[in-house]
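The lines below spell out each chain.
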2 protein chains.
Amino acid sequence: MNIAVLGTGSVGHTLGSKLVERGHTVMMGARSESNERAAAWALGAGPLASHGSFARAAAFGSVIINCTSGTASLAALEMAGADNLAGKILMDVANPLDYSSGRLRLTVVNTDSLGEQIQRAFPRTRVVKTLNTMNCQVMVNPGLLPGQHAVFVSGNDAQARAEVAGYLKDWFGWPAVIDLGDITTARGPEMLLPLWVSLMDVMDTTIFNVTIVR
Amino acid sequence: MNIAVLGTGSVGHTLGSKLVERGHTVMMGARSESNERAAAWALGAGPLASHGSFARAAAFGSVIINCTSGTASLAALEMAGADNLAGKILMDVANPLDYSSGRLRLTVVNTDSLGEQIQRAFPRTRVVKTLNTMNCQVMVNPGLLPGQHAVFVSGNDAQARAEVAGYLKDWFGWPAVIDLGDITTARGPEMLLPLWVSLMDVMDTTIFNVTIVR
């Protein structure tokens, strides 16, 4: 499958490399065609990997994964172009994190979420919020942690949520996905981030996950 | 131990009854001395149980548990009286939930929390946020769910957090408590509520808990 990974940070690198390893053709999208981090990734990741502008990557991908930083996501997706995103699944992995005050706050919260903002801005795209509640090493390798643990999907299109659940299983080995419902339920996983950061601080590791016991 | 349970809802009833069962003397505090729900609880819970105004209960308790609804907590604690709360541990179990818009939002979030508001309003009280991330049946009986699962404490006084961890173990059987740090970390557990409510909806039960796998 042709997959666009938008964003050149550690999340984009980790997801992109795992998808190439799984045999997919992946284009990493960046602000510029010549982004050095994207070029270095494509060079290292082998013949299935390429890189380009946000727009060229979005046009290339059958599925788009938003790995940009949450505060830059809407601008990045504008550059990707609504027509290039139309009709496609956009997996939104980003979190609207702002540390400018010296400690974490979310730039959108409580009565709205980044997932909803993206869905409103791109109504022809099937936005599915997922994977934003864990470190990227855990995203692509849930077996790093014992037992079953939680990954969520939120989106307005039930078929898209089911497709994404299938991708999470096929690509990364997630055995069970918790379907929270429409995109407004993305508020919950996004609002988990302050607790996640506190847990990272007290446990001194990023290799953990939140899960549900019942 | 003399314990004040402020609030006459299901959380207050459930915690109060469990504490009486464990041999503690418990006064349920309410807006009025003659609150019918508090009186009925005290009658049913036996000789160790009593009820009174918020102020009389707060004066009675060596430890105070805030089980009022989060949007009414500051007013209830004002009625309890700063002098009656001074020097004591206040376990804050409340969540600032507002359903007036038709769906859940928090009345304080992201850059502040109910726990912090209470600590600022009552600087002589040792506020510890805890137990707000689960149904009250799970609070008093973690064995309802398999394995170890998570309960958090947040508060500015490390000794108070340790004391509360001891109470959670002795009173209810929590084997391990996650100490998140100062009261600003209460934002994380409070912001878990939107996800908790979504999970309740999709799993159709309140008997579950969020936990951490590492």
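One structure accompanies this document, and this report is about it.

Quick notes on the rules
Residues numbered from 1 in each chain as written. Chains lettered and ligands numbered in written order. Predicted model: local features only at pLDDT ≥ 70, side-chain atom pairs only at ≥ 80, totals over all residues. Heavy atoms only, no water. Helix = DSSP H or I, 4+ residues; strand = E, 2+ residues; numbered from the N terminus. Rg over C-alpha atoms; globule rule 2.2 N^0.38 Å. Buried < 20%, exposed > 50% of the residue type's maximum accessible area, 1.4 Å probe, protein only. Contact = heavy atoms within 4.5 Å. Areas by Shrake-Rupley, 256 points an atom, 1.4 Å probe, with all protein chains shown as cover. Lys, Arg positive; Asp, Glu negative; His and termini not counted. Charge placed at Lys NZ, Arg CZ, Asp CG, Glu CD. Pairing = 2+ DSSP bridges. Axes fitted to C-alpha atoms, helices over the stretch in contact; angles between N-to-C directions. Least-squares fit on C-alpha atoms with pLDDT ≥ 70 in both. Arc of directions from axis to C-beta. Polar contact = N/O pair within 3.5 Å; in protein donor to acceptor, adjacent residues only side chain to side chain. Buried area = accessible area lost by both parts, 1.4 Å probe. Salt bridge = Lys/Arg side-chain N within 4 Å of Asp/Glu carboxyl O. Core = buried A, V, L, I, M, F, W, Y, C linked by side-chain atoms within 4.5 Å.

### A short note on the overall build of chain A
Reasoning step 1: Of regular secondary structure, chain A possesses 10 helices and 11 strands.
Reasoning step 2: A compact globule built from 214 residues would reach a C-alpha radius of gyration of about 17 Å, and chain A, at 16 Å, matches this within 12%.
Reasoning step 3: Within chain A, the proportion of its 214 residues that are buried is 58%.
Reasoning step 4: Intrachain contacts of chain A at a sequence separation of at least 6 include 71% that bridge at least 24 residues.
Reasoning step 5: As displayed, chain A has an accessible area near 7,900 Å², and 51% of this comes from carbon and sulfur atoms.
Reasoning step 6: Here chain A carries 16 positive and 17 negative side-chain charges, and the mean point of each set is 2 Å from the other.

### A short note on the sheet that holds strand β4 (residues 63-66) of chain A
Residues and elements named next belong to chain A.
Reasoning step 1: Pairing within the open sheet is mixed, and its eight strands lie in the order β3-β2-β1-β4-β5-β8-β9-β10. Two strands bound the open sheet, and with one partner strand each, they are β3 (49-53) and β10 (178-181). Neighbour-to-neighbour, the strand axes of the sheet open up by a mean angle of 25°, direction not taken into account.
Reasoning step 2: Sheet topology note: the β4/strand β5 (residues 89-92) ladder contains four bridges and is parallel. Following the sheet pairing, I64 is matched in β5 by L90.

### Some words on unusual backbone geometry
Residues and elements named next belong to chain B.
Reasoning step 1: A positive phi is found at N110, a non-glycine position, where the angle reads about 80°.
Reasoning step 2: Within the secondary structure, N110 sits in the loop between β7 (105-106) and α6 (114-121).
Reasoning step 3: With relative accessibility at 8%, the residue N110 sits in the buried group.
Reasoning step 4: Of note, D204 is a non-glycine position whose phi angle comes to about 60°, a positive value.
Reasoning step 5: Tracing the chain through its elements places D204 in the loop between α10 (193-203) and β11 (209-213).
Reasoning step 6: Here D204 falls in the exposed class, since its relative accessible area comes to 71%.

### So, the relation of the copies chain B and chain A
Between the two copies of this chain, the relationship is a rotation about some axis together with a displacement along it.
Reasoning step 1: The two copies are related by a screw motion: chain B maps onto chain A through a turn of 180° and a shift of 0.0 Å along the axis, at an RMSD of 0.0 Å. Both copies of the chain, as the preceding transformation shows, are related through a two-fold rotation axis.

### Considering the sheet that holds strand β10 (residues 178-181) of chain B
All names here are of chain B.
Reasoning step 1: The strand order β3-β2-β1-β4-β5-β8-β9-β10 describes an open sheet built from eight strands, whose pairing is mixed. Whereas interior strands pair on both sides, the edge strands pair on one side only; in this sheet they are β3 (49-53) and β10. Ignoring which end each strand starts from, the neighbouring axes of this sheet average 25° apart.
Reasoning step 2: Across two bridges, the pairing between strand β8 (residues 126-130) and strand β9 (residues 152-154) is antiparallel. Bridge pairing links K129 to S154 in β9.

### Concerning helix α2 (residues 36-45) of chain B
Structural remark: α-helix, 3.6 residues per turn; residues separated by three or four positions point the same way.
All names here are of chain B.
Reasoning step 1: Those residues of α2 lying buried are A38, W41 and A42. Viewed end-on, α2 has its buried residues packed into an arc of 95°, placing them on one side of the element. Along α2, the residues that are exposed and aim more than 90 degrees away from the buried face are E36, L43 and G44.
Reasoning step 2: Residues of α2 that are buried in the fold lie against α1 (10-21), β2 (25-30) and β3.
Reasoning step 3: Between the side-chain oxygen at the start of α2 and the backbone nitrogen of R37 there is a gap of 3.0 Å, and the oxygen is on N35.
Reasoning step 4: Looking one or two residues beyond α2, the residue adopting positive phi is G46, at roughly 95°.

### Brief notes about the interface of chain B and chain A
Accessible area lost upon the coming together of the parts serves often as the stated size of an interface.
Reasoning step 1: Contacts between the two partners involve 36 residues from chain B, matched on the other side by 36 residues from chain A.
Reasoning step 2: Ranking the residues of chain B by area buried against chain A places B:L195, B:V213 and B:R214 at the top, with a combined share of 21%.
Reasoning step 3: Remark: the boundary between chain B and chain A carries zero salt bridges.
Reasoning step 4: Our count for the contact surface shared by chain B and chain A stands at seven residue pairs in polar contact (both at pLDDT 80 or more).
Reasoning step 5: For the side of chain B that touches chain A, the secondary structure elements donating two or more residues are β7, β10, α9 (187-191), α10 and β11 of chain B.
Reasoning step 6: In terms of residue count, α10(B) provides more of the side of chain B that touches chain A than any other element does, six residues in total.

### What to know about helix α2 (residues 36-45) of chain A
Reasoning step 1: Looking only at α2(A), the buried set comprises A:A38, A:W41, A:A42 and A:A45.
Reasoning step 2: As for α2(A), its buried residues are in contact with α1 (10-21), β2 (25-30) and β3 of chain A.

### Looking at the environment of A:Q137
Reasoning step 1: Residue position: A:Q137 is located in helix α7 (residues 136-140).
Reasoning step 2: Since its relative accessible area comes to 38%, A:Q137 is described here as partly exposed.

### Section: the nonpolar core
Residues and elements named next belong to chain A.
Reasoning step 1: Of all hydrophobic cores here, the largest spans 37 residues; its most connected members are L15, I65, M91, L131, L168, W171 and F172.
Reasoning step 2: Elements represented by at least two residues in this core include exactly β1 (2-6), α1, β2, α2, β4, β5, α7 and α8 (158-172).
Reasoning step 3: The element best represented in this core is α8, accounting for six residues.

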